[in-house]
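Chain and residue survey
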Amino acid sequence: MHSHALQLQNITVSYARIPALHHISFEVCCGQCVALLGPNGAGKTTLLKTLAGLVERESGTIHFHGREVRGATPDIAYLPQRGQIDWDFPTTVRGLVEMGRYLRLGWWRTYGEKDKLAVDSAIAAMNLESLQERQISALSGGQQQRAFLARALAQEAHVLLLDEPFTGLDKPSQDNLKLTLRQLRGQGKLLIVSHHDLASVREIFDRVVLLNGELIAAGETAGVFTEENIHRTYETRVFAAVDHGVAI
Ligand code: ATP
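Residues numbered from 1 in each chain as written. Predicted model: local features only at pLDDT ≥ 70, side-chain atom pairs only at ≥ 80, totals over all residues. Heavy atoms only, no water.

Looking at the ligand, there are 13 residues lining it, with N40, G41, K44, T45 and T46 nearest. Between the ligand and the protein, one listed contact pairs an oxygen atom with a backbone N or O atom of A42 at 3.1 Å. Taking T45, its side chain carries an N or O atom lying 2.8 Å from an oxygen atom of the ligand. If one sorts the elements of the shell around the ligand by residue count, helix α1 (residues 44-51) sits on top with three residues. The class makeup of the residues in the shell around the ligand is four nonpolar, seven polar and two charged. (Near = heavy atom within 4 Å. Polar contact = N/O pair within 3.5 Å; in protein donor to acceptor, adjacent residues only side chain to side chain. Helix = DSSP H or I, 4+ residues; strand = E, 2+ residues; numbered from the N terminus. Nonpolar A, V, L, I, M, F, W, Y, C, P; charged D, E, K, R; others polar.)

Structure, rendered in structure tokens:
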């Protein structure tokens, strides 16, 4: 196994005994920007939450850098969908980024100069210096996104899981986010991004994972993001039934 790989083997996750993910296995590596694609309800969020240790799996194993991952680890940061975040939570941008740092502190170590520098550098990397004392409720969508990315950087996460980060952003913020993803990939981060806009996949992502409850395909965008695989991913049983004239 590649030493900087994130490897999923036979992951099955169910909600109230109804499987949302069936026997998912694939491997991705640091320095890749991976699109997680599939129709509504395909299990994209469930897969990201499983990797973040926020959802319990029924079976399967996850390895990162050759070590088994059980539960949450600061190496893997999850950035929720915008709608899932309580933007009224009273914290400044700086306060939010500091939270990422606290995840790295053991109970025996207090917040010190090294942590302050890590927070400063994460804020600078995301161009948030002038906004650091602003409440997160008073940020634009793109700025909120950057604030959460800065938190992940302060946490020194190697794997960044982004749940539909492009949704609801205006064009300049989308362009800015594309650039940021490219920079983070260049720094060797592994980015796994759930995404809905098929037209921009080739431009942004070098790898794709096509999901519809089960894994349809995973690999390099050029080889895997084909019309046939896209069709297999997005056709649902309902559509198939309609296509064949079956009454449902
Ligand atoms: P979308 O693109 O709509 O965000 P998704 O691909 O992220 O969808 P998930 O949110 O992971 O899909 O959902 C996968 C399946 O699991 C769906 O059938 C959904 O209804 C179900 N599900 C998700 N969360 C829960 C939950 N907390 N309890 C019960 N079922 C759930």
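We now examine the pairing of strand β2 (residues 18-29). Summarising the sheet, strand β1 (residues 5-15) and β2 pair through eight bridges and their orientation is antiparallel. Bridge pairing links S14 to P19 in β2. (Pairing = 2+ DSSP bridges.)

Looking at the protein chain as a whole, the pLDDT averages 89, with 93% of positions reaching at least 70. Model confidence for the protein chain, summarised as mean pLDDT per element, is weakest for helix α9 (residues 237-243) at 41 and strongest for strand β3 (residues 33-37) at 98. In the predicted structure, residues 237-248 sits below a pLDDT of 50 and forms five contacts with residues beyond four places in sequence or in another chain. (pLDDT = per-residue confidence, 0-100. Contact = heavy atoms within 4.5 Å.)

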